[in-house]
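Chain by chain, the residues:
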Protein chains: 2
Amino acid sequence: MDQLIAELGFLGDRISRARAVLDQHAQSESHIRSRRPDAVAFPQSTDEVARIVAACARHGVPMIGWGAGTSLEGHALAIHGGLTVDFSRMDKVLAIYPEDMLAVIQPGITRERLNEELRATGLFFPVDPGANASLGGMAMTRASGTTAVRYGTMRDNVLGLEVVLANGQTIRTGSSAPKSSAGYDLTALFVGSEGTLGLVTELTLRLHGQPEAVSSAVCTFPDIASAVDCVIATIQTGLPMARIEFLDAETVAACNAFTGEQLPLSPLLLVEFHGSPQAVAEQAQRFGDVARDFGSSGFQWAKGQEDRTRLWKMRHGAYRAILASRPGCTAIVTDVCVPISALAEAVEETQADIAASPVPGPILGHVGDGNFHAILLIRPDDPTEVAVAQRLSARMAERALRLGGTITGEHGIGMGKLGYMSAEHGPAWAVMGAIKHALDPMALMNPGKVVPQ
Amino acid sequence: MDQLIAELGFLGDRISRARAVLDQHAQSESHIRSRRPDAVAFPQSTDEVARIVAACARHGVPMIGWGAGTSLEGHALAIHGGLTVDFSRMDKVLAIYPEDMLAVIQPGITRERLNEELRATGLFFPVDPGANASLGGMAMTRASGTTAVRYGTMRDNVLGLEVVLANGQTIRTGSSAPKSSAGYDLTALFVGSEGTLGLVTELTLRLHGQPEAVSSAVCTFPDIASAVDCVIATIQTGLPMARIEFLDAETVAACNAFTGEQLPLSPLLLVEFHGSPQAVAEQAQRFGDVARDFGSSGFQWAKGQEDRTRLWKMRHGAYRAILASRPGCTAIVTDVCVPISALAEAVEETQADIAASPVPGPILGHVGDGNFHAILLIRPDDPTEVAVAQRLSARMAERALRLGGTITGEHGIGMGKLGYMSAEHGPAWAVMGAIKHALDPMALMNPGKVVPQ
C-alpha cells in the first residue's frame, strides 16, 4: 500500500489515508458494517482514473468506486480493504446536445445538480430515486424511482459509457445514435454491474423534454387490492402515467406526523401526468374515472406548482418520516419487485408478515413497476430485532421469487442481497461470474459484490 | 459428423442432410454467399436443443441458429459448416399474461403470427421490422423497425430469456417483474448476440395495449433537411409519435410505380399516432402545425383503417418496390443510424455519394431514430457494380461513425458488418471477444460472427 500511495503521488493531496476520510468512506445508509478502505483517491480526469487502476492492478489492491454514498445495500464499502475511488471531483456536465436530447457527464455529478444545469434547456433527466445520488452510482445500481413507469430506469436512459477496465485500459460503449445493433450491448452489461467490471468515467444520458403541463393527484382507496387493481386497469387502458406511487396507511400516518399533512389513514396513490395541457387534462379525467371504479374516495388534484411540490416533497421525505416515527431506530430498507398481477398479494402478505412481528415496517412503492419497499425499523443494538427484520426481508425476497419477481427492483445487490442471488438466477449466476472473471481476472474491482465468491 | 448424426437419432426425421434442406439453409436475403451447413436439426423442445448442443460440443461441431431466414446480413449462414438448428418447429405461444402485459413464446414464432394470437386479448407486440421475421431472430439481431420511436426495440421489449449455453446447460435470464437491479443484465447481453453466446429457446416479451385510436398521415417536404428538421422539432415538443418514416423521392417513385399510388415525387414523411381518440386528434393537429412550419405541403390524413393499411402496406413493400424498379438486380441493404441532429447531413451526403455513382440507391428510414437505409441495386454478376456498392456502403458506415453514430441501427453485424466493428468499438470490441471466449471457449456458437476472429 505504501508503494501504491507513492506511485499515486501525482494526485497530490487528492489521495488520503486520513482517519476521518477513511471513516467517511466506511459509512453507508445501510445497516451493513465494513472495515475502512486503506486509502481514498479523488481523481479529476479519466486519465487519472486509468493511472490509478493500472497502479492498483500492479499491486493487487482492490478498487471501489464511490459516488454520493447513498447506496442502501453497502455497494461502495471496501469490505476487503483497498483503495476507494471517490468521484466527487469528477462532477462536470461535459456537453449538452439539445437537438439529440443527450448530455455527456462525469459520474460524480448528482441528479439534482444535473437537472439544475439542464433547466434553461427545456430538457431534464427523469430518473428519480429520491436520494440526491450521483449519476455514476445510479448507473452502477441500475437505479430507478418514481418516474420509471413513464421514462424507464437507468437501463433505458444511459446510452453510452466510458469505462476504465480492470487492466487500466479505457473503452467506450454505445454511441450517440438512439439505437444500435452493433454487437454485444456492453452499455447494458456495465449498467447495474456495481463497479465490479470497471470504473465508469463518463456517461451519455438520454434527456427528455420538460413537460408542458403537469397534473398530480392524491387518491385514497379502501384497501391495498383496490389501489393496485386501479393501477393495473390504468396501465391497461394505455394511460401514460408519469408517476404512480403507493403508500400504505402506516406510511401515510408517518408522513402526516412528520409534515403536518392530514391525509386519511388508508392506502393511497400519488399520481402524476405529463404532457400538453389538453392531454394532461384528458388523462387526469380518465384516471379519475378508473379510480372511482375501484372505490377511490378523497380524490384530490394538486392545484398548482406549490401543491405539487409539497406532495412530492412528502413522498421523497417518506423514508425520513418513517425513520422519525420510531426514534433511535435505523432501517433495513427492503426492495422487491413482482409482476404487477401479483403485487396486491405480495404487499398484503408482506404486511401481514410484518404485522405478526415485533418490528414496524411501513410499505411504499413504485406501484406502476410492481416495485415496493418495506422500511423495517430496528434498534441496531437489539440483536433480536435485527434478526427478525432480516428474516422478514428474506421472506420478502423468497415471496418475490415465488411470484415471478426479483429480489431487488432498484437498489441493487451490494452486500445486502448477495445471499439471494443464487435463488434468483440459478445457474445464470455462474454466467455472471464467468463474465466477471473474463474482465477482472484478479477480482480487484469492488471485490465481494454481485458475483459468486 | 456421422457420429454426431447417430447421437442425434432421437430427433428421428427432424434431422436432415438432404441437399434441398441444406441448400435452403445456405440462402439468405443478403448478397452474401456461404457454404452449406453439414446438417439441419428441427428441435421441438428446450430439452432437445440442450441435447443437440451438448452433442455438438462433444464433437466440436459448430451450431448456428435459424429463425425465418429474413436476416439481411447473413447472420444464420454456416460459414464454417456445422449444424444449423432450425427453430421453425418451436413456434408456440406458451403463455399470455394480460394483466402483466407479457407473453412467453418459443423463438420460432413469427411476429405476424404472434400478433394474430394476441388479437383477442387487446394487446399486441409492437416491434415491426417489416419482414415477417421470427421473434428469436429479432431478439438475436436486436431488431427494431417502424415503431421503435414509440415502443422501443427488441432491447426494450424482451424481459427475459431461456438460453442453452455452449456447454449444453440451460439458464434463465430476467424475471417477470417489470424491472430488476439483481446483477448483470444478461438478458440485454444475449439480445443482439446473434447466436454467438447460446441458443435462445424461450422469450418473455412485453406487450402493449392495442391503441384505442390510430391516426396516420403522409406529408411531403420540399427537401430532406425540412423533413428531418420537422422530425426533430416534433420530438422536442414531446409529441408521442408511434411511427415516423422517411422516404426519399426515388423511393416514392418506386412505390408509385409498384403500387399505383400517385404521391408527389419529393421527400415524404409517413407518421402515425396511437392513443385515445382525443389524444390522437390533438397530436395530429399539433403535428400538422409543426409540419407546416417546415414547409410541408400535400399533407393528407389517412381517413380510415383501409387507407392506413394501404399506406403501411406501401411502406413495408418499399423494399420490393425498389427491387422491382431495376429488374434482375439484387440489393445491398445498408443500415446506419446517427444522432438525429446529424441525420439530414448523413442522408444528404449519402444521396450525393450515390448520385455520383453508377448504382441506384433509394433511401428510406426510421427517421425518428436517426436510422436509414440506402437500397443499393446491383447486378450480382457485375463485379464493378458490386465493388461500387460495397464502397458506398463502407463510406456510409464511416460517415455514420464520424457523425457519432453506429454502423447498424437494426440489422446487426452478421457477415456484412464485421469489417467495421473495430472502427466502431475500438478496444471495446476485444471486450466482446473476452465475453464470447468466457461463455463459448471452443467458439462453436455461430462461429465467424460478431467478435474478433
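Conventions we followed
- Residues numbered from 1 in each chain as written.
- Chains lettered and ligands numbered in written order.
- Predicted model: local features only at pLDDT ≥ 70, side-chain atom pairs only at ≥ 80, totals over all residues.
- Pairing = 2+ DSSP bridges.
- Helix = DSSP H or I, 4+ residues; strand = E, 2+ residues; numbered from the N terminus.
- Contact = placed C-beta atoms within 7 Å.
- Axes fitted to C-alpha atoms, helices over the stretch in contact; angles between N-to-C directions.
- Domains from an automatic or database assignment.
- Nonpolar A, V, L, I, M, F, W, Y, C, P; charged D, E, K, R; others polar.
- pLDDT = per-residue confidence, 0-100.
- Least-squares fit on C-alpha atoms with pLDDT ≥ 70 in both.

This part takes up the sheet that holds strand S4 (residues 83–86) of chain B. Residues and elements named next belong to chain B. Pairing in this open sheet of four strands is mixed, and the strands run S1-S2-S4-S3 from one edge to the other. Each edge of the open sheet carries a strand with a single partner, namely strand S1 (15–16) and strand S3 (63–66). Of the strand pairs in this sheet, strand S2 (residues 39–41) and S4 are connected by three bridges, and their pairing is parallel. Bridging across to S4, alanine 41 finds its partner in valine 85. Contacts from helix H3 (residues 46–59) reach S2, S3 and S4, with the element oriented near 170 degrees to S4.

This part covers the environment of arginine 243 of chain A. All names here are of chain A. With respect to the secondary-structure elements, arginine 243 resides in strand S13 (residues 241–247). Sequence separation between arginine 243 and valine 271 is 28 residues; the distance between their C-alpha atoms is 5.4 Å. When neighbours within four sequence positions are excluded, arginine 243 is seen to be in contact with Thr146, Thr147, Val149, Leu270, Val271 and Glu272.

Here we take up the domain arrangement of chain A. All names here are of chain A. Under the domain assignment used here, chain A contains domain 1 (1–209), domain 2 (213–320) and domain 3 (327–416). For domain 1 and domain 3, the distance between their C-alpha centres works out to 27 Å. Facing 21 residues of domain 1, the contacting portion of domain 3 comprises 14 residues. Residue composition of the side of domain 1 that touches domain 3, grouped by class: eight nonpolar, 10 polar and three charged.

Overall, the predicted model of chain A reaches an average pLDDT of 95, with 100% of residues at or above 70. Here the prediction assigns the complex a pTM of 0.97, and the interface score ipTM is 0.97.

Before going further, it helps to examine the relation of the copies chain B and chain A. Relative to chain A, chain B is turned by 180 degrees and slid 0.0 Å along the rotation axis, the superposed coordinates differing by an RMSD of 0.0 Å. Those values place the two copies in the arrangement expected of a two-fold rotation axis. When you check the interface residues of chain B against chain A, 99% turn up at the interface there too, and the contact is symmetric in its surfaces.

As a further point, take the interface of chain B and chain A. Facing 74 residues of chain B, the contacting portion of chain A comprises 74 residues. Those elements giving two or more residues to the side of chain B that touches chain A turn out to be helix H7 (154–157), strand S9 (170–174), helix H8 (186–190), helix H9 (224–236), helix H11 (277–293), helix H16 (421–425) and helix H17 (428–439) of chain B. Among the elements that make up the side of chain B that touches chain A, the one with the highest residue count is H17 of chain B (eight residues). Looking at the side of chain B that touches chain A, its residues break down into 30 nonpolar, 31 polar and 13 charged.

Residues and elements named next belong to chain A. Pairing within the open sheet is mixed, and its four strands lie in the order S1-S2-S4-S3. Edge strands, defined here as strands with exactly one partner in the open sheet, are strand S1 (15–16) and strand S3 (63–66). In this structure, S3 lies alongside strand S4 (residues 83–86), joined through four bridges in parallel fashion. Its bridge partner lying in S4, glycine 65 is registered against valine 85. The sheet strands contacting helix H3 (residues 46–59) are strand S2 (39–41), S3 and S4, and the helix crosses S4 at an angle near 170 degrees.

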